Amino acid sequence: MGMLDGKVAIVTGAGHGIGRGHALELAKHGAKVVVNDLGTTVSGEGHGKDADLTVDIIEGRGGEAVGNYDNVADYEGAGRMVAQAVDTYGRLDILVNNAGIVRDSAIWNMDEADFDSVIAVHLKGTWAPSKHAAIHWRERSKSGETFTGRIINTTSGAGLTGNFGQSNYATAKAGIAGMTLTLSLELYKMGVTVNCVGPAAATRITGTMPGAPKVIEADEVPEDEFNPMDPSTSSPLVAWLASDESQLVTGQIIRAVGERIILMEGWRDGATITTKKRWDPTKLGQQLATDVFGTRAPGLRY
Ligand SMILES: NC(=O)c1ccc[n+]([C@@H]2O[C@H](COP(=O)([O-])OP(=O)(O)OC[C@H]3O[C@@H](n4cnc5c(N)ncnc54)[C@H](O)[C@@H]3O)[C@@H](O)[C@H]2O)c1
């Protein structure tokens, strides 16, 4: 008996790379998978039926999957994708928002289109499928059904700590972390958890960087071999987050990098100063230096 037996999942951008790894892993544990992929280049040009590559592998291994070729950043397309899961398999349980592109350059060289397209695929491409999935789950919840639902989003080290040359991508990936926190609050009462993983792997995306390792596809690594750059190193974590076992885990940002799984602990209150009257900017600097940034000896004050 698989931990995801009977579950219906969508994995976006699952024709290649990390998404393919997730789709194979979910199917291996019993989920029926809608494999979405627009079939673009790594910078988001063109379209094709790359989703079928992953569907064929899942079916070849005895699993159930169907291809979807919609653009996750297209609101209507995202709706068709969720409708396809419901029409084909009866409902949706798990949504893995993974599709992505990159168009890197320092901000002074970055075209407006490079900003807009990367924001669209990652940020709207996470929001739009989540919105259609949320409508599906809300309808089921209002009809009195008890169930579990899952959204698993994809962030990146760039979005959590910044990366030179990725002002578009880092902005989108930080936004996805913020969206995760908010959706986790909005959906939990329905039984839906929302978490976010930050993977790392030798995929087409990292292949664009100078000195990058050779691109690996998830099905190329034998099951009994551990390769830290395998696109599926984060997939077991995704499968667990997708399962009913993880019901008490929501609103978490978790990186899975090579041999490590790391809980990311983000923004929280740090050093704090208070006042009873309006701050005076001519004096504020010294107080900030002393009491917030600790750049002056604590005893040195006005
Ligand atoms: N590779 C890494 O080290 C790494 C690190 C952190 C985060 N990520 C994230 O992991 C995710 C997967 O990236 P990857 O490295 O596997 O790259 P990849 O290029 O191998 O896979 C991305 C897939 O998304 C598809 N896609 C692109 N635009 C789409 C759209 N609008 N609609 C539907 N599908 C679309 C592409 O066709 C492609 O198959 C991305 O969100 C990426 O930002 C990757």
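Residues numbered from 1 in each chain as written. Predicted model: local features only at pLDDT ≥ 70, side-chain atom pairs only at ≥ 80, totals over all residues. Heavy atoms only, no water.

Right, let's get into the packing of helix H1 (residues 17-28) against helix H2 (residues 51-60). Contact geometry for H1 and H2: axes closest at 10 Å, N-to-C directions at 25°. By the angle class used here, H1 and H2 are roughly parallel. For the pair H1 and H2, the sense of crossing is right-handed. Contacts from Arg 20, Ala 23, Leu 24 and Ala 27 in H1 reach Leu 53, Thr 54, Ile 57 and Ile 58 in H2. The residue makeup of the contact of H1 with H2, split by class, is 6 nonpolar, 1 polar and 1 charged. (Axes fitted to C-alpha atoms, helices over the stretch in contact; angles between N-to-C directions. Helix = DSSP H or I, 4+ residues; strand = E, 2+ residues; numbered from the N terminus. Parallel < 35°, antiparallel > 145°, perpendicular 65-115°, else oblique. Left-handed = near helix turned anticlockwise from the far one by under 90°. Contact = heavy atoms within 4.5 Å. Nonpolar A, V, L, I, M, F, W, Y, C, P; charged D, E, K, R; others polar.)

Read from one edge of the open sheet, 8 strands run S3-S2-S1-S4-S5-S6-S7-S8, paired in mixed fashion. Single-partner strands in this sheet number two, and they are strand S3 (65-68) and strand S8 (260-263). Adjacent strand axes in the sheet meet at a mean angle of 20°, parallel and antiparallel pairs treated alike. Direction of pairing for strand S1 (residues 8-11) relative to strand S2 (residues 32-36): parallel, over a ladder of 4 bridges. Note that in S2 the partner of Val 11 across the bridge is Val 35. Along the sheet face, helix H3 (residues 75-89) touches S1, S2 and S3 and points at about 150° away from the line of S3. Sitting on the sheet, helix H4 (residues 112-142) is in contact with strand S4 (94-96), strand S5 (149-154) and strand S6 (192-199), with an inclination near 175° to S5. (Pairing = 2+ DSSP bridges.)

Our focus in this paragraph is the environment of Gly 207. In this structure, Gly 207 sits in the loop between S6 and helix H7 (235-242). Taking the relative accessible area as the measure of exposure, Gly 207 reaches 37% and is therefore partly exposed. A C-alpha to C-alpha distance of 27 Å links Gly 207 and Val 33, two positions 174 residues apart in sequence. The contact partners of Gly 207, leaving out residues within four places of it in the chain, are Ala 212 and Val 215. (Buried < 20%, exposed > 50% of the residue type's maximum accessible area, 1.4 Å probe, protein only.)

As a further point, take the site of the ligand. Lining the immediate surroundings of the ligand are 30 residues, of which Asp 37, Asn 71, Asn 98, Tyr 169 and Thr 203 lie closest. The separation between an oxygen atom of the ligand and a polar main-chain atom of Ile 18 is 2.8 Å. Tyr 169 is positioned such that a nitrogen or oxygen atom in its side chain is 2.5 Å from an oxygen atom of the ligand. Considered on its own, the ligand offers 830 Å² of accessible surface; in the complex 97% of this is hidden by protein. Taken together, the residues that form the shell around the ligand break down as 11 nonpolar, 15 polar and 4 charged. (Near = heavy atom within 4 Å. Polar contact = N/O pair within 3.5 Å; in protein donor to acceptor, adjacent residues only side chain to side chain. Areas by Shrake-Rupley, 256 points an atom, 1.4 Å probe, with all protein chains shown as cover.)

What follows is about the pattern of salt bridges. Across all of its chains, the model carries 10 salt bridges by this definition. Two residues, Asp 219 and Arg 20, come together in a salt bridge whose shortest N-O distance is 2.7 Å. Of the two residues, Asp 219 is situated in the loop between S6 and H7 and Arg 20 in helix H1; the sequence distance between them amounts to 199 residues. Taking the shortest distance from any N to any O, the salt bridge between Glu 223 and Lys 28 comes out at 3.2 Å. In this pair, Glu 223 sits in the loop between S6 and H7 while Lys 28 sits in helix H1, placing the two residues 195 residues apart along the sequence. (Salt bridge = Lys/Arg side-chain N within 4 Å of Asp/Glu carboxyl O.)

Quick look at the packing of aromatic side chains now. Enumeration according to the criterion identifies 2 aromatic pairs in this entry. When the ring of Trp 108 is compared with that of Phe 164, the centres are 6.3 Å apart and the planes differ by 75°; the resulting orientation is edge-to-face. Here Trp 108 is found in the loop between S4 and H4, whereas its partner Phe 164 is found in the loop between helix H5 (157-161) and helix H6 (167-187), with 56 residues between them in sequence. By the burial criterion, Trp 108 is exposed, and Phe 164 matches it. Geometry around Phe 147 places Arg 140 over its ring, the cationic atom sitting 4.3 Å from the centre. (Phe/Tyr/Trp six-rings, centres within 6.5 Å; stacked < 30°, edge-to-face > 60°. Lys NZ or Arg CZ within 6 Å of the ring centre and 35° of its normal.)

This next bit is on the domain arrangement of the chain. Interfaces are often sized by the amount of accessible area the parts lose when they come together. Each domain of the chain was delimited in the assignment, giving domain 1 (8-263) and domain 2 (269-302). Centre-to-centre separation of domain 1 and domain 2, based on C-alpha positions: 43 Å. (Domains from an automatic or database assignment.)

For the rest of this paragraph, the subject is the nonpolar core. In terms of nonpolar packing, the biggest core is built from 28 residues, with Leu 26, Val 33, Val 35 and Ile 58 touching the most fellow members. For this core, the elements supplying multiple residues, two or more each, are S1, H1, S2, H2, S4, H7 and strand S7 (253-257). For this core, the element with the highest residue contribution is H7, accounting for 5 residues. Once residues within four sequence positions are removed from consideration, Val 33 is found in contact with Ala 9, Val 11, Ala 23, Leu 26, Ala 27, Ile 58, Glu 64, Ala 65, Val 66 and Tyr 89. Grouped together as the second largest cluster of nonpolar side chains are 22 residues, Met 81, Ile 151, Met 179 and Met 190 included. (Core = buried A, V, L, I, M, F, W, Y, C linked by side-chain atoms within 4.5 Å.)

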